[in-house]
Amino acid sequence: MHPRVAMESDWSVQPTADGSFTFACTKTGRAFHSRTGAYREALGKFVRPSGLLYRPEPIRVLDVCYGLGYNSAALLDTLWRVRPTARVLQTRAAIPYRDPTLTDDAPTLYRRRREEQQCSNLAPSSHWKKRWTGR
């Protein structure tokens, strides 16, 4: 386990100003995202600067899923608004963290996501290179 996660194991779900949610440490108050909005932050710090929206296909993005997935979610949402016919390879990594009641703790979220990934018919993320490059 990453040392920072071990020290800050008491996480709570917090709304941000744009209506998206982030995790915040109940001990320190530190959050994964800006309080102005996790989604807005993803647009401003990842989607727009990436230049990916107007690149010719195929567009290749690998999300190693280190965070909550807002960068990829914002990219796909915006990409499909700009280019509705863009094709996207999805892997099990595309399964988001789900918390329908916004009350689950981190271990419950991780367990649920792992279970949903195991039941998914999407390709394992480890197969991305073969699918994208044909090798």
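Worth saying up front: this structure is predicted, and the values here are computed from it rather than measured. (Residues numbered from 1 in each chain as written. Predicted model: local features only at pLDDT ≥ 70, side-chain atom pairs only at ≥ 80, totals over all residues. Heavy atoms only, no water.)

Asks: Describe the packing of helix H2 (residues 38-50) against helix H3 (residues 70-82), naming the residues involved and giving the relevant values.
Replies: The geometry of H2 relative to H3 is characterised by a closest axis approach of 9 Å and an angle of 80° between their N-to-C directions. Classified by the interaxial angle, the pair formed by H2 and H3 is roughly perpendicular. Residues Ala38, Tyr39, Ala42, Leu43, Phe46 and Val47 of H2 form the contact with H3, whose participating residues are Tyr70, Asn71, Ala74, Leu75, Asp77 and Thr78. The residue inventory of the contact of H2 with H3, partitioned by class, reads nine nonpolar, two polar and one charged. (Axes fitted to C-alpha atoms, helices over the stretch in contact; angles between N-to-C directions. Helix = DSSP H or I, 4+ residues; strand = E, 2+ residues; numbered from the N terminus. Parallel < 35°, antiparallel > 145°, perpendicular 65-115°, else oblique. Contact = heavy atoms within 4.5 Å. Nonpolar A, V, L, I, M, F, W, Y, C, P; charged D, E, K, R; others polar.)

Asks: Explain the pattern of salt bridges to me, using residue names and the numbers behind them.
Replies: Opposite charge on two side chains lets them pair, provided their charged atoms get close. Counting across every chain of the model gives six salt bridges. Residue arginine 81 pairs with aspartate 77 through a salt bridge whose shortest N-O separation is 3.0 Å. Separated by four residues within a single helix, arginine 81 and aspartate 77 lie in helix H3, roughly one turn from each other. For arginine 81, a relative accessible area of 63% translates into the label exposed. Exposure remark for aspartate 77: the relative accessible area of 27% places this residue in the partly exposed category. In this structure, arginine 112 and aspartate 104 form a salt bridge, with 2.6 Å as the shortest nitrogen-oxygen distance. (Salt bridge = Lys/Arg side-chain N within 4 Å of Asp/Glu carboxyl O. Buried < 20%, exposed > 50% of the residue type's maximum accessible area, 1.4 Å probe, protein only.)

Asks: Account for the nonpolar core, with residues named and values stated.
Replies: Counting 11 residues, the largest nonpolar core consists of Ala38, Ala42, Leu43, Val47, Leu52, Leu53, Tyr70, Ala74, Leu75, Leu79 and Ala86. Broken down by secondary-structure element, the contributors of at least two residues to this core are H2 and H3. Formed by five residues, the second largest nonpolar core is a distinct cluster that contains Trp11, Phe23, Cys25 and Ala106. (Core = buried A, V, L, I, M, F, W, Y, C linked by side-chain atoms within 4.5 Å.)

Asks: Which residues make up the pairing of strand S1 (residues 11-15), and what are the values?
Replies: The two faces of the sheet receive side chains in turn, since in a regular strand these alternate between them. Across five bridges, the pairing between S1 and strand S2 (residues 21-25) is antiparallel. Across the sheet, serine 12 pairs through a bridge with alanine 24, a residue of S2. Linking S1 back to S2 in an antiparallel pair, the connection comprises five residues, with glycine 19 at a positive phi of about 95°. (Pairing = 2+ DSSP bridges.)

Asks: So what's going on with the packing of aromatic side chains? Which residues, and what values?
Replies: Taken as a whole and judged by the stated rule, the model has two aromatic pairs. A centroid spacing of 5.1 Å and a plane angle of 80° characterise the contact between tryptophan 11 and phenylalanine 32, whose relative ring orientation is edge-to-face. Here the residue tryptophan 11 occupies a position in strand S1, and phenylalanine 32 occupies one in the loop between S2 and H2, the gap between them amounting to 21 residues. Accessibility expressed as a relative area gives 16% for tryptophan 11, which makes it buried. Centroid distance phenylalanine 23 to phenylalanine 32: 5.8 Å. Interplanar angle 75°. Geometry classified as edge-to-face. (Phe/Tyr/Trp six-rings, centres within 6.5 Å; stacked < 30°, edge-to-face > 60°.)

Asks: Pulling in residues and values, what's your account of the confidence of the model for the protein chain?
Replies: Across the protein chain, pLDDT averages 78, with 79% of residues at or above 70. Across the protein chain, H2 holds the top mean pLDDT of 91, while helix H1 (residues 3-7) sits lowest at 45. This stretch, residues 1-8, has a pLDDT under 50; its non-local contacts, to residues over four places away or in other chains, come to seven contacts. (pLDDT = per-residue confidence, 0-100.)

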